[in-house]
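# Examination of the molecular architecture
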Amino acid sequence: MKAIRRFTVRPVLPDPLRPLSDLARNLRWSWHAGTRDLFRSVDPERWAAAGGDPVRLLGGVATERLTELAGDRGFLDRLDAVADDLRAYLSGDRWYQAQPDRLPAAIAYFSPEFGITAALPQYSGGLGILAGDHLKAASDLGVPLIGVGLLYRHGYFRQSLSRDGWQQEHYPVLDPNELPLDQLKEPDGSPARVTLALPGGRSLRARIWRARVGRIPLLLLDSDVEENDLGERGVTDRLYGGGSEHRLLQEMLLGIGGVRAVRTYCRLTGHPEPEVFHTNEGHAGFLGLERIAELCARGLDFDAALEAVRAGTVFTTHTPVPAGIDRFDRELVARHFGPRAELPDMEVDRILHLGTESYPGGEPGLFNMAVMGLRLAQRANGVSLLHGSVSRGMFAGLWPGFDPEEVPITSVTNGVHAPTWVAPEVFRLGARQIGAQRAEEALSVGDSDRWDSVADIPDRDIWELRRCLRELLVMEVRERLRASWRQRGAGTAELGWIDGVLDPDVLTIGFARRVPSYKRLTLMLRDRDRLTDLLLHPERPVQIVVAGKAHPADEGGKRLIQELVRFADDPRVRHRIVFLPDYGMAMAQKLYPGCDIWLNNPLRPLEACGTSGMKAALNGCLNLSVMDGWWDEWFQPDFGWAVPTADGAGAGADPERRDAVEAAALYDLLEQRITPRFYERGESRLPDRWIEMVRRTLSLLGPKVLAGRMVREYVERLYAPAAHAHRAMDPDAARALAVWKARVRGAWHGVTVDHVETSATTATAELGTTLALRVRVGLGGLGPDDVEVQAVSGRVDEEDRITDATAVPLKPLGAPDQEGRWVYEGPLSLDRTGPYGYTVRILPSHRLLASGAELGLVAVPSEDLAEAAGLLMR
């Protein structure tokens, strides 16, 4: 019989055990080993059955056991110590509070998904895990973030396999009352709500849940409320599901509803209002529209409000390909805004313009969420050095006239939250070396001095740790593989072979990630005979653990999984290669530490960052990767291998040839360099050279790959400047800047470079020479205070394009001449040898601009004038 209504019955804890409830409802337990150990001791069997979830654990502990613990002095002392530690963590000053600058009072961080813990399954892949690690690191550093997302009733799908290896999706229903969440309430006890207006007089209502992520509140909006119609109740049904309108409503709720949720939270709790809003990918871009509407309601016009909003907004893009960006039909967007829908006082055309692809190659009929995000943010970044460069090229059309390297998109390379991803065994080894407190600080804040102490750990200790971790992984794999085969319909009698799967003394390779085609799950299968020889080598075998999910609508990704599974099912190799379904945080935390090699072979440069290799590195696993994402930035032969890419000889243009070349390079590395190094033994009968690479991975990569380093960079390079800009942009300043921009845009057609001359008399000059540069310019209706005239110089290539350019401002001389032209002068230093060139350009200039390229306006010499000026050195 099926129940007609469901309740969540929570346990009544004896008074001495009440702190357990607070500990369970603050997700710091997900990265604090002491808290997890305390909960494990409540009931080890139930802890394992609950998947390490304290809320589920407490919901199932027998009353007799609770009574016993309430009288156990030893347990109560441990409980008091852990509870005191949490209170100190939540209230004490941390890194942020010790900074000298006047930093933002609060930052709102919006993301469509958050991977905090497997007990709160609101993530699908790297974007969500990165967002979760961002919150955790911010908590450890004391950064006053407010996280904002959606609460998906089904989360992301659970994955299993059919008998023939085809991906199956399952969507378990999540009850918020059974999750580590509490509902935001108004003073009268009623649930706090946000409401959006929909076409046709309908409404979309959502309640607000809060997860406590250490010091950080994470607000999650849930549309499954009785006041909504059936369609609106399903808006937050699942992550990345449904059609275009469903996605649009999710993103409106996240952005517009999210700002309203933040305002509600601050009103109810007294939390400082955010000075900076950070949009993690374009999904939350509508938050800027809501903030413009707020300012318009206070008397600003649209243009002034836009300037005020831009000043305090940071936008992070995570995709290196246009196909990865959400784009909606303009008519669909137009239908959901304006007089009979949401933001009724805002002109729909102004909204549509923000997302229009108004550049060569763009599609004017589509509304681009990333384009809107960039137009609504004064500061933007990619997530690795290479990805920043790719992003500048991809979005260069928004800044016409500027070379891609000058497009105002910087980069902050992602990091990972070490306390979440470092295995307890690795932490204990570090704590034994430098002490638990210093080890915790090394993982959270980052300090190369502490990481340098890895050099003092004996070789034998490192090797014993690596074997222990490999052994734990073997046990985990066998357990998961057995469960998977039972789901596929196998009986117990068929599964005896699983006891021989993997070997704790064999070189272990890990490959786990989402399965879009560009990540090339099956590149390893390119030459199956060669792979089989590697797996079964009599002296230097390898074993491979693979996991990953394909998007439910991605039939091609599912075929790749099936191809890999069918190979792994072959009785000849199934003890050496396995595919584990249902990849998620719980599996990943066992997989990264247990592997010796982390394999990554995407199509370069389509991996924006790729943080799984970072998590592996923190556990002493070596990376074997294509030079993409973070590996392109930090690779050294000391701690890993780079898979060569097929860039030359036309191979890049032929996908088949490209994959064949790169797969052959991968096999060569494994056969000739990697397996010999793992299996060779030195005088101590240990793999000395391998251990040294593990040591260098930990000491050299460790401090770099931390989320603590990443968040500190965001604070110093993006949040603090955005907060200063926000404070400077009071209503009068915002109005003045909007008027100034309109005046500059209107007059720019009259801005010209009319004449350029230098003191050079020949086409050659000596290094160190300083030339006098004199320029005559027309400023139209503008004045010298509105512009900056620059000399741009540097080496030139064969086509006279300036590379590695340096820009130096020139100074105006006196008043304009009789024709209204201005003369500018300045020195030009010849500081590099070889072919060298210069040009002159004019940019808008204002104290409130973050970049000279911000308006996308530039005036340069005409081709005839440039021809006459020539090159300075050859």
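Residues numbered from 1 in each chain as written. Predicted model: local features only at pLDDT ≥ 70, side-chain atom pairs only at ≥ 80, totals over all residues. Heavy atoms only, no water.

What follows concerns the sheet that holds strand 25 (residues 787–796). Read from one edge of the open sheet, three strands run 26-25-29, paired in antiparallel fashion. Lying at the two open borders of the sheet, with one neighbouring strand each, are strand 26 (802–809) and strand 29 (836–844). Across the sheet, the mean angle from the axis of one strand to that of its neighbour is 30°, orientation sign disregarded. In the sheet, strand 25 pairs with strand 29 via nine bridges, with the strands oriented antiparallel. Looking across to strand 29, one finds that Val-787 is bridged to Pro-844. (Pairing = 2+ DSSP bridges. Helix = DSSP H or I, 4+ residues; strand = E, 2+ residues; numbered from the N terminus. Axes fitted to C-alpha atoms, helices over the stretch in contact; angles between N-to-C directions.)

Note the cis peptide between Arg-604 and Pro-605, where omega equals 5°. With respect to the helices, strands and loops of the structure, Pro-605 is situated in the loop between strand 20 (597–600) and helix 24 (612–617). At Arg-685, a residue that is not glycine, the phi angle is positive and equals roughly 65°. Not every positive phi belongs to a glycine, and Asp-804 is a case in point at roughly 50°. Positionally, Asp-804 belongs in strand 26.

Further remarks concern the sheet that holds strand 27 (residues 811–812). Across the sheet, which stays open at both edges, the four strands sit in the order 23-24-28-27 with antiparallel pairing between neighbours. The open sheet has two free edges, formed respectively by strand 23 (751–758) and strand 27, since each of these has just one partner strand. Looking at chain direction, strand 24 (residues 770–779) and strand 28 (residues 821–829) are connected through nine bridges and run antiparallel. By the bridge assignment, Thr-770 is partnered in strand 28 with Ser-829.

Further remarks concern the side chain of Ser-444. Structurally, the position occupied by Ser-444 is in helix 18 (residues 436–444). Within the local environment of Ser-444, its side chain forms a polar contact with the backbone oxygen of Glu-440, the two atoms lying 3.0 Å apart. Ignoring any residue separated from it by four or fewer positions in sequence, one finds Ser-444 in contact with Asp-140, Leu-141 and Gly-708. (Polar contact = N/O pair within 3.5 Å; in protein donor to acceptor, adjacent residues only side chain to side chain. Contact = heavy atoms within 4.5 Å.)

With that out of the way, let us pick up the pairing of strand 20. Residues in a regular strand point their side chains to alternate faces of the sheet. Here strand 20 shows no split at all, with Ile-597 and Leu-599 on one side and Trp-598 and Asn-600 on the other all buried. Note that strand 17 (residues 507–512) and strand 20 share two bridges and pair parallel. Considered in strand 20, the bridge of Gly-510 is made with Trp-598. In this sheet, strand 21 (residues 622–626) lies alongside strand 20 in parallel orientation, the contact comprising four bridges. Counterpart to Trp-598 in the pairing with strand 21 is Asn-623. Handedness of the strand 20-helix 24-strand 21 crossover: right-handed. (Buried < 20%, exposed > 50% of the residue type's maximum accessible area, 1.4 Å probe, protein only. Right-handed = clockwise from strand over helix to strand, strands pointing away.)

As a further point, take the packing of helix 10 (residues 287–297) against helix 11 (residues 302–311). Running from N to C, helix 10 and helix 11 cross one another at 125°; their axes reach a closest spacing of 9 Å. Taken together, the axis directions place helix 10 and helix 11 in an arrangement best described as oblique. Between helix 10 and helix 11 the crossing geometry is right-handed. On helix 11, the residues that touch Gly-288, Arg-291, Ile-292, Leu-295 and Cys-296 of helix 10 are Phe-302, Ala-305, Leu-306, Ala-308 and Val-309. Counted by class, the contact of helix 10 with helix 11 contains eight nonpolar, one polar and one charged residues. (Parallel < 35°, antiparallel > 145°, perpendicular 65-115°, else oblique. Left-handed = near helix turned anticlockwise from the far one by under 90°. Nonpolar A, V, L, I, M, F, W, Y, C, P; charged D, E, K, R; others polar.)

Moving on: the nonpolar core. Met-524, Ile-597, Leu-624, Trp-641, Ile-674 and Trp-690 are the most contacted members of the largest nonpolar core, which has 103 residues in total. With nine residues, helix 20 (residues 459–487) is the single largest residue contributor to this core. Those residues within four positions of Ile-597 in sequence are excluded, and the remaining contacts are Leu-507, Thr-508, Ile-509, Gly-510, Cys-621, Leu-622, Leu-624, Trp-641, Ile-674 and Trp-690. Ranked by size, the runner-up nonpolar core spans 98 residues in total, among them Leu-253, Leu-354, Leu-737 and Leu-810. (Core = buried A, V, L, I, M, F, W, Y, C linked by side-chain atoms within 4.5 Å.)

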